[in-house]
Amino acid sequence: IVDNVNRALHSTMKQHSFIGVLDIYGFETFEINSFEQFCINYANEKLQQQFNMHVFKLEQEEYMKEEIPWTLIDFYDNQPCINLIEAKLGVLDLLDEECRMPKGSDSTWAQKLYNTHLKKSALFEKPRLSNKAFIIKHFADKVEYQCDGFLEKNKDTVFEEQIAVLKASRFDLLRELFQDDIHALSPTSSLPPGRTPLSRAGIKSIKSRPGQASNEHKKTVGHQFRNSLQLLMETLNATTPHYVRCIKPNDFKYPFTFDAKRAVQQLRACGVLETIRISAAGFPSRWTYQEFFSRYRVLMKQKDILIDKKETCRNVLEKLIKDHDKYQFGKTKIFFRAGQVAYLEKLRADKLRAACIRIQKTIRGWLMRKKYLRMQKAAITIQRYVRGYQARCYAQFLRRTRAAVIIQKFQRMYVVCQRYKRMQAAAIHIQAHWRGYSAKKRYIAMLCEHKATIIQKHVRGWLSRCWFKRVITAIIYLQCCYRRMMAKRELKKLKIEARSVEHYKKLNIGMENKILQLQCKINDQNKENKNLLEKLINLETTYSAERERLRSDVERLRMTEEEGKNAINRITSLLEEIAQLRRELESTQTEKKSIEETADRYKRETELLVTELKEQNTLLKSEKDELNQRLQQQAKEMTESLTKEAAEEKKQLECELNDERSRYQNLLTEFSRLEERYDDIKEEMTLMVNLPKTGQRRRDSTHSSNESEYTFSSEITEAEESMLRPEDASEKKAPLDMSLFLKLQKRVTELEQEKQSLQDELDKKEEQAQRIKAKEEDFNVRARGAELEYESLKRQELESENKKLKNELNELRKSLTEKAAPEVTAPGAPAYKVLMEQLNSVSEELDVRKEEVLILRSQLVSQKEAIRTKDDKNIMTETVVVPEDVKKMKDREEIAQAYVGLKETNRLLESQFQSQKKSYDNEVEALRGEIQSLKEENNRQQQLLAQNLQLPPEARIEASLQHEITRLTNENLDLMEQLEKQDKTVRKLKKQLKVFAKKIGELEVGQMENISPGQIIDEPIRPVNIPRKEKDFQGMLEYKKEDEPKLVKNLILELKPRGVAVNLIPGLPAYILFMCVRHADYLNDDQKVRSLLTSTINGIKKVLKKRGDDFETASFWLSNTCRFLHCLKQYSGEEAFMKHNTPRQNEHCLTNFDLAEYRQVLSDLAIQIYQQLVRVLENLLQPMIVPAMLEHETIQGVSGVKPPGLRKRTSSVADEGTYTLDSIIRQLNTFHSIQCQHGMDPELIKQVVKQLFYIVGAVTLNNLLLRKDMCSWSKGMQIRYNVSQLEEWLRDKNLMNSGAKETLEPLIQAAQLLQVKKKTDEDAEAICSMCTALTTAQIVKVLNLYTPVNEFEERVSIGFIRTIQIRLRDRKDSPQLLMDAKHIFPVTFPFNPSSVALETIQIPSSLGLGFLTRV
């Protein structure tokens, strides 16, 4: 085979080089190693030495040639092991020597080895339990060789007869193998080093004679192997070797099986591990500059490519590999450490992969577009044919249907007409007979009734006359008897008086004059009473007429409003009719077409008419086009004007809305302050109640003074306090229900006014009743029968009036129930019960008092009439006669008492008249205001309706939104007025609150003393929860009612913001609370929802009250409150808030409760937290602003020399304790990072930054206006530089659109004012146009304070300041000099939905919320 291969490869040309393949065994070690393994391992030692020398020699020559820094590497040298084998007295030498010995054996050879090398060579060892073995430490491992068979295998004797037999063989291949034995020993032999040929040993004949053997036959196998190996090494040293290492995966030749331990052994035996170590210490990979450039041209940019390839490669490598130790630049090559070429290949592959993907993307897109266009064209063709076929079928169906409908119409019409005619004839016949019969019956009944009434008339007249005669006789008889009795009594009195006339005259000297005087006074009082009564009657009539007129106006307005609604309905119906008419028109047009088809024969007659119509049509079209152009121009003008007006109105509305927000938020701050004051007073009261009672309890003077000085918002109304029971006083007061409080707050102002007016009337009437009762005890005069009848008539009238008042009171109740919120006025609500009880009690008391007053009034009127009749009699007879009432009085005291009583009754009537007049006026004014508001509302609605009908649909939506905004602003103003009225009523309720608090405290103490130990019941043991297998998490957390305080405590009261912000997701407390609310909503438990939300709000307030001065706490709870508010909006189920939700999030929406009221409460709470956060920020920044912005010199050397006479406040070098601009920027960075950690909304962060920059600008400008040494050109430059640094901070944080820069505009303009030229009129004009954000007072103040620092500057002249004042005279701005540094911009909370899925939220164990279970 070898000869044939050599002949095939032989060439006639001269050979300068050749390629040889050397296949050898690797390092071998078995359980029993003999002579073959020894030779193989010896050859491997020689080859490993040659490999190491070749590798290191080439490496070092390459490094030296390329002149790169290189340190020589120490490696393992196996020359001692080779010397042990082949040197003099080595293993092979001793083996050959033992083979020459006549009686040589393996054991003697082993003993010679022990004696020669044991303990002398470190690579030779003797086994412990064997005397016929030895160990050699090869470069790969230790190998133990057995000495048995070494000598025999080394001799390897072959007889000549055997060789001759093989040469004489008829098999050509076998004969060729043994032809030339001498050539096998040539240096060009291809004998492998690990094989010992059969014919290489000394050939010995059976009949050999001594002296005939050649030198060749004396050589042993070991000697031949050594010589052959030496020739091989010479050949290898003369060539350029390359190495291939083969590793067996396993010893059993199993597929898909890899023995890692065996592979490592093979690698170690082959010397690969040592080679890898050596290569890794150097630069195993290398590229020429041209190869590197062509290979990695992909990673270079066009600008990186230079003319010099070497410099280009250097620049690219410095960009790609940052560590310069990983590569070295030689003269012609670049050397890389291990792994760097793989990194560059990865970058190249990524770049090529991206380019391939882009090409594939473009080609595939083009192919798909072509395919799509073909498919689209085919689909359109199919659709066209299908739709044409369907249209033809549908047209045929319509024609057939129409023909069938026409036939059915005429047939049914004929049938119905016939049936109707028969029914009509029968009905007329029946009606005629029935009407005749009923008329006859009616006539008979009327005749009988007429006769009966005539009989009844005569009988009843006779009975009445008989009864009247009897009554007249009885009355006359009674009068006679009574007059006789009275005459007898009068006679007796006259007889007695006749006996003592003189005594009577002595006693009554001057009595007549006094009686006349009193009578005159009584007459005057009667006249005054008559006038007052007439006025009262006139006022009553006018009031009733005015009230009727106003009621009619209200009804008329309601009718007009209903008519407007009906008109709208009519418009919709008309639009529907128009649509129907259009449809009919279309149907008629189709009929017209059919008629035109049938009327072709009339074309000739109508051609002239058609031409005339065409001419008219062209004229009309031209007119129509002109009108359309005019309409379009007018529409454009209208739209432009409307857009301008809308923009202006929008700006004005935004300003008004911001003002309203600021007012509302200021009211919230005042409310929170009062609420805190109220809580403090409650705590003081509880502390004073808990104090032991030793004698009389003393009140704290500060408490009383604070009560008198401050006002506080009562969260529990008087009606609610009256409903408190004694048994509830000892219990712990539940937290305030915010929804009920807000609903009651809307009505408390109106009810307080009504209550106050009713209370005043009650007080007055109680006083009147007391006076009347006192006077009634003195007046015991009996009224006569006529007076009693008159009083009964008056009482009836008054009862009717009382009924009217009751009806009005019922109407008031209805209006209250209609106006109030449905939750508050519900029949089961506590506020509804309280209001109804108050109104009932007030109405009952009013009824009682009015009845008493009206009775007294009737008695007074009867007395006046009696006195008037007696006066008339006295005038006619011209004799002085005492009236009957006066005659009944015994002495002058009774007359005086009667006079005093008359005066008191006059006063009562007058006071009652005034009160009624006031009440009537108030009611009239209220009704007029209501009518006016209704009129305005009706007019506005009509105008809006007319405008909306004229506008397109998009403009209608905008108009409705604008109308809604104005309505909301008006309602906001009304609420502001109600809040102001409520603040006025707080002081009046203060005393009542103190009284109730005292009562509650006494009841608490009394109940605590009355509770016995036996009444205390142990709490039930909490049952053990059996864990169930969890289902899919639905984003809800279940908790028990008794665990609610624990939830609030662990999640709100004791939570550390810093740990939560660093370790957990932002807004985790808000998500947990909302998931608890979701579970309560899922259970449809309104009490649980209300309790949880109220506890949450009160808990947040407690935390902020306790740790409100900490910025992290305020920021953390502001972020969580906003997130909780956004969650309530996002999952409320309203479409406006569900746009950005995923389908899974829409499934988590609330289903049973509408928490819009609580959203308003949370919004107010967020506003309070925001204001508290702003105050904390202001306290932290306040001491830094003036030193950093004004006093510290950020630009050194600009200030120059200080003007003489000024105090030196600044220093060129900042002290350690002073603040610089960097301090403010660091503080701003701290604030911004903390807010971002807490997950605060970006819009809210922008508002906070805007407020901070406003504080910085306002404080800096105020100090600039108050300090003369700061108003100079250099200080203006310093301020401009500081402001630019703040603006740079805004750009870095992407907050330029937050409006913070605009808040610094006054400060920027003040700095510019310090730097501009201030001499001529042009300068004055420039200053006036530049300083738009500064007021006139501020500009003049800065100019007056301007102080030059060096001789190149001048002071501002007085004439220049006067010209500035004259130019700014028409500017309308506030005269205030300083800016309001305490001003807080109104805050808004834009809706920011969360992308966090509730089912993925995990509750960490660090929060201590193990009692919450996931649903």
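So, how was this worked out
- Residues numbered from 1 in each chain as written.
- Predicted model: local features only at pLDDT ≥ 70, side-chain atom pairs only at ≥ 80, totals over all residues.
- Heavy atoms only, no water.
- Core = buried A, V, L, I, M, F, W, Y, C linked by side-chain atoms within 4.5 Å.
- Buried < 20%, exposed > 50% of the residue type's maximum accessible area, 1.4 Å probe, protein only.
- Helix = DSSP H or I, 4+ residues; strand = E, 2+ residues; numbered from the N terminus.
- Contact = heavy atoms within 4.5 Å.
- Salt bridge = Lys/Arg side-chain N within 4 Å of Asp/Glu carboxyl O.
- Axes fitted to C-alpha atoms, helices over the stretch in contact; angles between N-to-C directions.
- Parallel < 35°, antiparallel > 145°, perpendicular 65-115°, else oblique.
- Nonpolar A, V, L, I, M, F, W, Y, C, P; charged D, E, K, R; others polar.
- Pairing = 2+ DSSP bridges.

Asks: Help me out: how do you make sense of the nonpolar core in this one?
Replies: The tendency in soluble globular proteins is for nonpolar side chains to be buried as a group. Grouped together as the largest cluster of nonpolar side chains are 121 residues, with contacts concentrated most on Leu1118 and Leu1286. When residues in this core are grouped by element, the largest group, 19 residues, is from helix H32 (residues 1156-1191). Residue contacts for Leu1286: discarding those within four places in its chain leaves Met1189, Leu1221, Ile1224, Ile1225, Leu1228, Phe1253, Val1256 and Leu1304. In terms of nonpolar packing, the next biggest core, distinct from the first, is built from 37 residues, Cys81, Leu94, Met233 and Ala269 among them.

Asks: Please clarify how the pattern of salt bridges should be interpreted in this entry.
Replies: Per the stated rule, a full pass over the model turns up 30 salt bridges. One salt bridge connects Arg402 with Glu591, and the closest N-O pair in it is separated by 3.4 Å. Within this pair, whereas Arg402 is found in helix H14 (residues 340-499), its partner Glu591 is found in helix H16 (residues 511-598), the two being separated by 189 residues in sequence. On the accessibility criterion, Arg402 (47% relative accessible area) is partly exposed. Note on Glu591: relative accessible area 34%, which makes it partly exposed. A salt bridge links Glu1243 to Lys1246, with the nearest nitrogen and oxygen atoms 3.8 Å apart. With Glu1243 and Lys1246 both in helix H34 (residues 1242-1266) and 3 residues apart, this pair spans about one turn of that helix. Classification of Glu1243 as partly exposed rests on a relative accessible area of 40%. In this structure, a network of salt bridges that share partners links the residues Glu546, Arg549, Asp553 and Arg556.

Asks: Sorry, what's going on with the packing of H34 against helix H35 (residues 1273-1292) here?
Replies: The relative placement of two packed helices is expressed as an angle between their axes plus a distance between the axes. Running from N to C, H34 and H35 cross one another at 175°; their axes reach a closest spacing of 13 Å. Relative to H35, the element H34 is oriented roughly antiparallel. Note on element contacts: H35 touches H34 through Ile1279, Leu1286, Trp1289 and Leu1290, opposite Val1249, Phe1253, Val1256 and Leu1264. Taken together, the residues of the contact of H34 with H35 sort by class into 8 nonpolar, no polar and no charged.

Asks: What exactly am I supposed to notice about the pairing of strand E2 (residues 133-137) here?
Replies: On a regular strand, one side chain projects to one face of the sheet and the next to the other, so that they alternate. A large share of E2 lies buried, amounting to 4 of its 5 residues. Pairing of strand E1 (residues 124-125) with E2, which is carried by 2 bridges, proceeds in the antiparallel orientation. Bridging from a neighbouring strand, Glu125 pairs with Ile135 of E2. Here E2 pairs with strand E3 (residues 142-146) via 5 bridges, running antiparallel. Looking across to E3, one finds that Ile136 is bridged to Val143. Connecting the antiparallel pair E2 and E3 is a turn made up of 4 residues.

Asks: Would you take a moment to explain the sheet that holds strand E8 (residues 333-336) for this structure?
Replies: Pairing between the strands of a sheet is mediated by backbone hydrogen bonds and can be parallel or antiparallel. Pairing is antiparallel across the open sheet formed by 3 strands, whose spatial order is E6-E8-E7. In the strand order of this sheet, the two ends are held by strand E6 (285-288) and strand E7 (327-329), each with one partner. Across this sheet, the average inter-strand angle for adjacent strands is 20°, counted without regard to direction. Sheet topology places E6 next to E8; 4 bridges connect them, and they run antiparallel. Each residue of the ladder has a partner; that of Trp287, found in E8, is Ile334. Set on the sheet, helix H2 (residues 35-66) makes contact with E6 and E8; between it and E8 the angle comes to about 130°.

Everything listed here is a matter of coordinates, which is why it stays silent on function.
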